[in-house]
Amino acid sequence: MTLEGKPTCHVVRPGSTYDGRQGFSYFEGIARESVGATGICMHLLTIPPGGRAKAHMHERHETAIYMLSGEAHTWYGERLENHVIVRAGEMFYIPAGVPHLPANLSDQPASAVIARTDPHEQESVVLLPHLEALVPA
């Protein structure tokens, strides 16, 4: 928003990071806090080799992921019973309320653009520690 309260365009040059409740560090991006977004957020994430998130879900918002490089394994479902590998150049959709746990099982970093339908990226993150042991370390 501008000082006059009218929406305007913004360029965001990711530089600083923030630690998400999910256990990863995200590059600052598009969000209510950075540009005044009202219905979307978008961030960059690089999962280090061997990196693993905490089991969680986004209670009220959808997530779309585009893998830039590397690959990410994601377990999802009520008991994390489903598994998918998302590779560079592929997209992955996670509906609101679906438990999931992403990890990078390779020896190379995995980078992705992540967009969500909640402008406050961390607002509806719900940690699910009771599911942690269902995915092997």
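The sections below set out a description of the structure shown in this document. Keep in mind the model is a prediction, meaning the values are calculated, not measured.

**What to know about the overall build of the protein chain**
- Secondary structure assignment for the protein chain yields one helix and 11 strands.
- Listing the helices and strands of the protein chain from first to last along the sequence gives β-β-α-β-β-β-β-β-β-β-β-β.
- For the protein chain, the residues scored as buried account for 39% of the 137 residues in total.
- Pairs at least 24 apart in sequence give 70% of the contacts found in the protein chain among residues at least 6 apart.
- Of the roughly 7,600 Å² that the protein chain leaves accessible, carbon and sulfur atoms contribute 58%.

**Side note on unusual backbone geometry**
- Its identity is not glycine, yet Leu-80 carries a phi of approximately 55 degrees, on the positive side.
- Looking at the secondary structure, you find Leu-80 in the loop between β6 (71–76) and β7 (82–87).
- Overall, the relative accessible area of 4% leaves Leu-80 in the buried class.

**Things to note about a nonpolar patch on the surface**
- Among the surface-exposed residues, Tyr-66, Leu-68 and Met-91 lie close enough to one another that they form a single nonpolar patch of about 340 Å² accessible area.
- Positionally, Met-91 belongs in strand β8 (residues 91–94).
- The class of Met-91 is exposed, set by a relative accessible area of 70%.

**With respect to the pattern of salt bridges**
- Throughout the structure, instances matching the rule amount to three salt bridges.
- One salt bridge connects Glu-59 with Arg-60, and the closest N-O pair in it is separated by 2.9 Å.
- Arg-87 serves as the salt-bridge partner of Glu-71, at 3.4 Å between the closest nitrogen and oxygen. Of this pair, Glu-71 sits in strand β6 while Arg-87 sits in strand β7, placing them 16 residues apart in sequence.
- Under the relative-accessibility criterion, Glu-71 is labelled partly exposed at 25%.

**What about the pairing of strand β5 (residues 63–69)?**
- Direction of pairing for β5 relative to β8: antiparallel, over a ladder of four bridges. Looking across to β8, one finds that Ala-64 is bridged to Tyr-93.

**Some remarks on the nonpolar core**
- Judged by nonpolar contacts, Leu-45, Ile-47, Ile-65, Met-67, Ala-72, Val-86, Phe-92, Ile-94, Val-98, Ala-110, Ala-112 and Ile-114 together constitute the single largest core of 12 residues.
- When contributions to this core are tallied by element, the ones reaching two or more residues are β3 (41–47), β5, β8 and β10 (110–116).
- Ranked by residue count, the leading element in this core is β10, at three residues.
- Setting aside anything within four residues of it in sequence, one finds Ile-94 in contact with Glu-62, Thr-63, Ile-65 and His-100.
- Core analysis: the next-biggest nonpolar cluster, separate from the first, contains nine residues, Ala-55, Leu-80, Leu-101 and Leu-128 among them.

What counts, and where the lines are drawn
- Residues numbered from 1 in each chain as written.
- Predicted model: local features only at pLDDT ≥ 70, side-chain atom pairs only at ≥ 80, totals over all residues.
- Heavy atoms only, no water.
- Helix = DSSP H or I, 4+ residues; strand = E, 2+ residues; numbered from the N terminus.
- Buried < 20%, exposed > 50% of the residue type's maximum accessible area, 1.4 Å probe, protein only.
- Contact = heavy atoms within 4.5 Å.
- Areas by Shrake-Rupley, 256 points an atom, 1.4 Å probe, with all protein chains shown as cover.
- Patch = residues over 30% accessible without salt bridge, like charges linked within 9 Å, V, L, I, M, F, W, Y side chains within 5 Å.
- Salt bridge = Lys/Arg side-chain N within 4 Å of Asp/Glu carboxyl O.
- Pairing = 2+ DSSP bridges.
- Core = buried A, V, L, I, M, F, W, Y, C linked by side-chain atoms within 4.5 Å.

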